[in-house]
Each structure stands twice: as C-alpha cells, then as structure tokens.
Protein chains: 2
Amino acid sequence: MSNKLTIRHIAELANVSKATVSRVLNEYPHVRPEVREKVQKVISETGYQPNNIARLLASDRSSIIGLVISASAQMVFSDPYFPALTEAISRGAADNNLILSLFVSYTEKQGRDTLNGILAAGLFDGLIITADHKGDAFVSQLQEADIPFVFIGRPSEAEGINYVDADNVKGGYLATSHLTSLGYGRIGTIASDQNTAGDDRLAGYRSALKERGIAIEEELLAFGDYSLESGYAAMKELIPRQPEAVFVGSDTMALGALRALREAGLRVPEDIALVSHDDLPPAIQADPPLTTVQQQIATTGQMAVEKLAQIIMTGKAYPAQHIVNPVKLIVRASCGAAQLN
Amino acid sequence: MSNKLTIRHIAELANVSKATVSRVLNEYPHVRPEVREKVQKVISETGYQPNNIARLLASDRSSIIGLVISASAQMVFSDPYFPALTEAISRGAADNNLILSLFVSYTEKQGRDTLNGILAAGLFDGLIITADHKGDAFVSQLQEADIPFVFIGRPSEAEGINYVDADNVKGGYLATSHLTSLGYGRIGTIASDQNTAGDDRLAGYRSALKERGIAIEEELLAFGDYSLESGYAAMKELIPRQPEAVFVGSDTMALGALRALREAGLRVPEDIALVSHDDLPPAIQADPPLTTVQQQIATTGQMAVEKLAQIIMTGKAYPAQHIVNPVKLIVRASCGAAQLN
DNA sequence: ACGATTGTTGAAACCGGTTTCAATGAGAGT
DNA sequence: ACTCTCATTGAAACCGGTTTCAACAATCGT
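The text that follows walks through the structure, step by step, so that each part is easy to find. Note that the structure is a prediction, hence the values are computed from the model and not measured.

1. Side note on the interface of chain A and chain B
Then, in step 1: On the side of chain B, 44 residues touch chain A, which itself brings 44 residues to the contact.
Then, in step 2: Summed over both partners, the interface of chain A with chain B comes to about 3900 Å²; 62% of that surface belongs to carbon and sulfur atoms.
Then, in step 3: The interface formed by chain A and chain B holds two salt bridges in total.
Then, in step 4: Between Arg262(A) and Asp287(B) there is a salt bridge, with its nearest N and O atoms 3.4 Å apart.
Then, in step 5: Summed over the shared surface of chain A and chain B, the result is 13 residue pairs in polar contact (both at pLDDT 80 or more).
Then, in step 6: Residue composition of the side of chain A that touches chain B, by class: 27 nonpolar, 10 polar and seven charged.

Right under this line is the structure:
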C-alpha cells in the first residue's frame, strides 16, 4: 500500500481526535463548521483516503455486491445477452457507489459451490443472481444465509423473492400477434423450456393465437436451448411442417434458424417470416435484419442494482417486489411487414 | 450478517487462545497435532467461517483483484472479445482463489476516474487492465499507486510493464501469407490504429507482403475501429479499388465487410477472398464462415491472472514480463482455399 | 542431573477505522 | 445569577482477525 496516512495522522495534524475526523469523513452532525473546515483542509492537503477495509470492519458494510451468472459456457460465450446484462449491472453498481464482483459458473452444481464460497466469505452486502436455468437451487441457500439478493429473470418459485424481469409473456404475445395481423397462417415457434423466460414467451405465443381463435398445432412447436445450433436444429425440424411464419424465442436462435432456411433454399420473409426476441446486436446485423421484441436489458440491470441497494440500505426485503420491464416490437425486414405494406 | 461466531467463541469452545485458533486457520506450524485437531473439530462442528474483512485488515491483503475494461460502449456491446476475455479472467480468478471485481468505462477520462476511485479504495490486491485504446494514460497512475497490475494487450509504452498479448504481428502475417500463397494479388487490409493490436496486425500484413517482394499499395489500406459499421464503411471504400483479397483486422469488422460486399453484389470468396482475425463465435456463424486467425483469449486471460497472482505473492513486478500467446490460422470458406484445392 | 535449546502456547498489541459515553462549555429559562 | 439543556468534543471500547513476544514445558547434550 502506498497509503501511509491514517486517521490518526489527520487527527494530529488537525489537532482534533480520531472521532472528530471520522465525523467529518462521514458527514455526521455535531461538528462546528470551522472545525469541519479545518479537518477538511488537512484531508485535502494531504490527499488522505480512508482505508476501506478498516471502515468495513468497523461498520459491518462492504459496499461490494456480487453478480452470480450461472449458465452454460456456450450460452455465456455466444449469446450477447449476458454481456449486455453484465455491462448494465456494472454501470448500475458504479452509479450506486457499489463495487461489483463477478462470478461465472457453468453448471448448477458449480453455481452452488460458488455461492457457498461467496456466502462463506461474508464479504458481500448483497447479490444479484441470474441463471439460464430456473435457478431454484440457489434460493434456499440464499435465504438461509440471510443476505440481500435480487434475481434477474423470474425464478420458478418466485414467491417472496425480489426479481426483475422482462415482460416475456407480452413479448411472445406481441411477436405472435404481429405475425397473425400480417395475415400469416400456420405460425410456429421455437421456444425453450430451459428457463421461465422461455415458458413465458411460449405462453404469450399461445395466448396470441388463442385470442384470434387459432388452434395451437403442437407439431409447429420446437424447442431450443438459446444456442445458435439449437435454433438451427429446431428450424430444420419445423421446415417439413411448412409453417408460414415462426416466432423464435431469441435472436441467437433466430440466427441459427436463418441458416437452416438458407440451406433449405427458403427466403426470409418471402417463403417464411420470422420474428424473434431480445433485440441484441445480432438482430440488426442479421441478413435480413430481424423483426424482434426489444427487451431493455440496460434498464433491467439498473433496476436490479437499485432494488438491491434499497434492500441493503433499508434492511427490508419484504414485501418482495416483482419488477417487470415493458417490451416492445421492433419491426425490421424478417417479418415481411415492409413487403405487405 | 448471519455469522455470529467469532474467533473468540471458537477459542473458548476449544479451550485455547485466539492466537492458536488463528494458527490452525492459517495452517501455521507450532501447534500440537492433538490441539490442532481439537480446534478443527470445533470449527467444523460449529460451521465457523472467519470474517474476511477482519482478516484483511489485519493481514493487509484482500484477495480481491479488479478488472478494468476501458472501451467504447459500442465495442463492449457488439464485439464478443471483451465478454470472452472477462469470462476467462473470471475463471482464472476463481482458480487462483481470487475474487474478481469488474469495472467498465467507456472513455479514457472515465477510465481514469474509475481508476482513481479504485486506487483510493485501497481494497484491491492487484489490477488487470485492458483497453481498446492504447491505455497509456493509466500507466503513470498505476505506477504511482504502487499496486500490482498486468495489462492485457500491449500498451504502447510497454517498457517495464507486465502484459499479456496475442501475437498480433504473427496473426497479420499468417493471414496475409495465406492469401499470397493462395495466389491472390492486390491484397488489401482493413486495419485499425486504435490500439497496438491493430498496429501489430498491420505490421504483420506489411511484413508478409514485403517477404514476397510485393509492394504495399497505400490505397488498399483502410481503417476501422473494430465495429461492424466501421468494417462496412472500410470495405465500401476498398471495393472501387478492386482488391482480390482482404485481410480484415477483426471478425466483427469482417461481418460488416461481408455486408458491404453482399450489397455490392460481390461473392465471397469467388470475387473477393477474406481472412479475418480473432476466431470468435461470429466467425463460424458468418456466411460464408470466416477463415480467421485464432487468438486464444481464454489462455490470455488465464495467464494474466496467474502473472498478477505471482506479482502479488512475491511482491516482485520486475523484471517485467511480456507474455505473447501464439496464434494460429483457422481455414474456413471465406478465403477460397477449398475452391482452389 | 543440570543448563541450553527448541517447540507450544497465550496475553497483548495491532490493523484503521466507527461508535459509545462521559466531560465540557455555551446558551436558554426563570 | 443559577440551574438545565444541548451541542461539541475526545477518550476509550470495539469490529474480528493476525502477529509479536515472553513464558513455559519438554527435549537435548554433556
């Protein structure tokens, strides 16, 4: 450490006690303005910076929060979702004067071990948890540890748990309604049952069709795991069933679907229309650019940090709050809306 | 905190002093085996976990390292490079029993502020710095603060600085030689002068051509900033000059270049061959899949953590080590090697 | 058998802050 | 003028560990 100055030195230089310096540092009352100024002058002249560790020990608060990402390696690597989220949370942490620590694990078991280590360390004021699986395994551990936490993405047992999520049901609904309103029949979907987001988007798809009185044809449902490859495989499965349009549950899977269609010699949107979900950079980079449901990941990340900060400050995690961020449809070329106009 | 147990309780339960418990915890010598066992028994029975903060304060070591990413927002979002690197470093930190904290900033000024905050906090045992710009602004600050640090990517003033980098000169050389050896003439490049990686790749390009006795035609050089859009723009600039092949300095820029070519009605590799750099997921997902130079980001991240850990342990940052990871050419469709066989 | 050495152990100081509590002094109330 | 408050301040305890140092017991050499 380069920092040899301690609160004692400042106290001596300013001719006051450590306690008074501490009061000035923490902007506590009960210090005469002139004394406060004198101390501040010494502090700024010397460039003194209080030692955080000591502060933590004494105040039992670290201002460090952890972000636990538990997802398959493939997912973390190839889907821009987690990077975007991480980045948003990083920014949110900075805005709230919190230090962000990052933990990535690839399996649920590994995630639990990581979590154990984190909880044992006792270093963190709170945690943000995000998982591509349903994440239930973590909940009991977290609750026992009595540490403030916020989920990103609804855990399947959400009761009493604070979480922030996108309005996935609405997303599936918007995407599918858009396709029905463009006049397509035989609308399929590539969904996912890996997490609640997938369930919800599928539910939205179902409700949109139901609303129009269209029966769900189970053979037009395919499933993927959010990877490009799974989107490719799912679309291959769907092609023989000749859907006119498909709602794909994520941009990345849509990229795979596009490849399958290209290989099959089918044009998008002329032969098959596509709408996907997320609106991450690949959506606009795709050929054709994807009509997709935008979820505001930045907002989600930010709200998660803010909710966590609030729990930490107030000490009140209850009543649990479920924050659902709105989504909106971004119309590009892949749905064929342009042609139909 | 749920953890009410302190070292004192353990000491009392085991009928020894705090000092002895501490010796057991830290696996220090000078404890009789039977006493050690007795203490360990109490520890495991009670589930006692030492308070890290207190430990830090007393031992002046936090086991927390910071990763500072300073890059344009666009870059962090749309290029998978940083996510891949972050993920690798996260894994490396876990392997070395270090906690990783993440800081993202978008401008050099913001980066400096962030760094100031970090250094002031005095919480970190060391830092890993990575920047899409040349990052020199940070060096003096870091050196003054006397904190262990390792750069990822060669800073332009690299003397006395520990860094880990890919062999970018070799990368540019391999890509370009591959194109010459396939018989292409008029080989252009989309380079970048934003960072030393760009400089180095360009240098490799130059040396490959020079080696074959081919004069560099300045009009076949274009520059980008690693964004897809800049690759698109650069390729548009190059098209009228009719290169037969182009070495593109990153996969993401190559994606943009592909789009420009597609819009111009040029086929890859039949009309123009492409080789890019990085071998990130988009390279294989592109149409056609990109021949590209693979840099082992995972290894780079891991080595950076290990080097940093070593500096922290030994306290010796000198002599500075420059670790250059090998690269290798991955041949796919975009270079046309398959057709030529 | 006896002093010298070595291995074990605990008391106490320490890390650098925060917080409690009692002492002090000035202003308010009568 | 004389209490009674109340704001200001510093001394000391505390947070929960690590580390130093001195005391002690056991082992060694002669």
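2. Quick look at the protein's contact with DNA strand C
Then, in step 1: For DNA strand C, the set of nearby residues contains 28 residues, the closest of which are Ile7(A), Ser22(A), Thr20(B), Arg23(B) and Arg32(B).
Then, in step 2: Looking at DNA strand C alone, sugar and phosphate atoms form 60% of those within 4 Å of the protein.
Then, in step 3: With respect to DNA strand C, the side chain of Ser22(A) contributes an N or O atom lying 2.4 Å from a phosphate oxygen.
Then, in step 4: Put simply, the parts of the chain that give the surface near DNA strand C at least two residues each are α2 (18–25) and α4 (52–59) of chain A together with α2 (18–25) and α4 (52–59) of chain B.
Then, in step 5: Its residues assigned to classes, the surface near DNA strand C shows 15 nonpolar, eight polar and five charged.

3. Examining the environment of Val275(B)
All names here are of chain B.
Then, in step 1: Position of Val-275 among the secondary structure elements: in strand β9 (residues 273–278).
Then, in step 2: Remark: the alpha-carbon pair of Val-275 and Leu-258, spanning 17 residues in sequence, is separated by 11 Å.
Then, in step 3: Other than its neighbours up to four places away in sequence, Val-275 contacts Ala-175, His-178, Leu-179, Val-246, Phe-247, Val-248, Thr-291, Thr-292, Leu-329 and Cys-335.

4. Overview of the relation of the copies chain A and chain B
Then, in step 1: Rotating chain A by 180° and moving it 0.1 Å along the rotation axis overlays it on chain B with an RMSD of 0.2 Å. Such a combination of turn and shift is consistent with a two-fold rotation axis. Among all residues of chain A, the minimum C-alpha distance to the rotation axis is found for Ser101(A), at 2.0 Å.
Then, in step 2: Most of the interface of chain A is mirrored in chain B, where 98% of its interface residues again form contacts.

5. Some thoughts on the sheet that holds strand β12 (residues 327–330) of chain B
Residues and elements named next belong to chain B.
Then, in step 1: Strands sit in the order β7-β6-β8-β9-β10-β12 across an open sheet of six strands; the sheet is mixed. At either end of the open sheet lies a strand with only one pairing partner, and these are β7 (221–223) and β12. For this sheet the average axis-to-axis angle between neighbouring strands, irrespective of direction, equals 15°.
Then, in step 2: Here four bridges tie β9 to strand β10 (residues 291–295), and the two strands are oriented parallel to one another. Across the sheet, His-277 pairs through a bridge with Val-293, a residue of β10.

6. What to know about the side chain of Asn162(B)
Residues and elements named next belong to chain B.
Then, in step 1: Structurally, the position occupied by Asn-162 is in the loop between β4 (149–152) and β5 (163–166).
Then, in step 2: Within the structure, the side chain of Asn-162 is placed 2.7 Å from the backbone nitrogen of Gln-321, a separation counted as a polar contact.
Then, in step 3: In contact with Asn-162, not counting residues within four places along its chain, are Phe-149, Val-150, Phe-151, Lys-307, Ile-311, Ala-317, Pro-319, Ala-320 and Gln-321.

Quick notes on the rules
- Per chain, the residues get numbers from 1 upward, laid out in the order the sequence is written.
- A letter from A marks each chain and a number from 1 marks each ligand, given out in the order of writing.
- Only residues with pLDDT of at least 70 are given local features in this predicted model, and only at 80 or more are side-chain atom pairs given and counted; all residues enter the totals for whole chains, interfaces and linings.
- To obtain the side-chain values, all non-hydrogen atoms of the structure were included, while hydrogens and water were left out.
- Any pair of residues with heavy atoms lying within 4.5 Å of one another is described as a contacting pair.
- Buried area is calculated as the accessible area (1.4 Å probe) missing from two parts once they are joined, with the contributions of both summed.
- Just to be clear on terms, a salt bridge is a Lys or Arg side-chain nitrogen sitting within 4 Å of an Asp or Glu carboxyl oxygen.
- Polar contact is the term for a pair of N or O atoms within 3.5 Å; when the atoms are in protein, one must be able to donate a hydrogen and the other to accept it, and sequence-neighboring residues count only if both atoms are side-chain atoms.
- Side-chain classes follow a simple rule in which Ala, Val, Leu, Ile, Met, Phe, Trp, Tyr, Cys and Pro form the nonpolar group, Asp, Glu, Lys and Arg form the charged group, and the remainder, Gly included, forms the polar group.
- For this purpose, a residue is taken to be near a molecule or strand whenever a single non-hydrogen atom of the residue falls within 4 Å of it.
- The helix and strand labels rest on DSSP assignments: H or I over at least four residues marks a helix, E over at least two residues marks a strand, and numbering proceeds from the N terminus.
- We place the copies in one frame by least squares, fitting the C-alpha atoms of every residue whose pLDDT is at least 70 in both.
- Two strands form a pair only when DSSP identifies at least two bridges running between them.
- To obtain each axis, a line is fitted to C-alpha atoms, and for helices this fit is confined to the stretch in contact; angles are then taken between N-to-C directions over 0 to 180 degrees.

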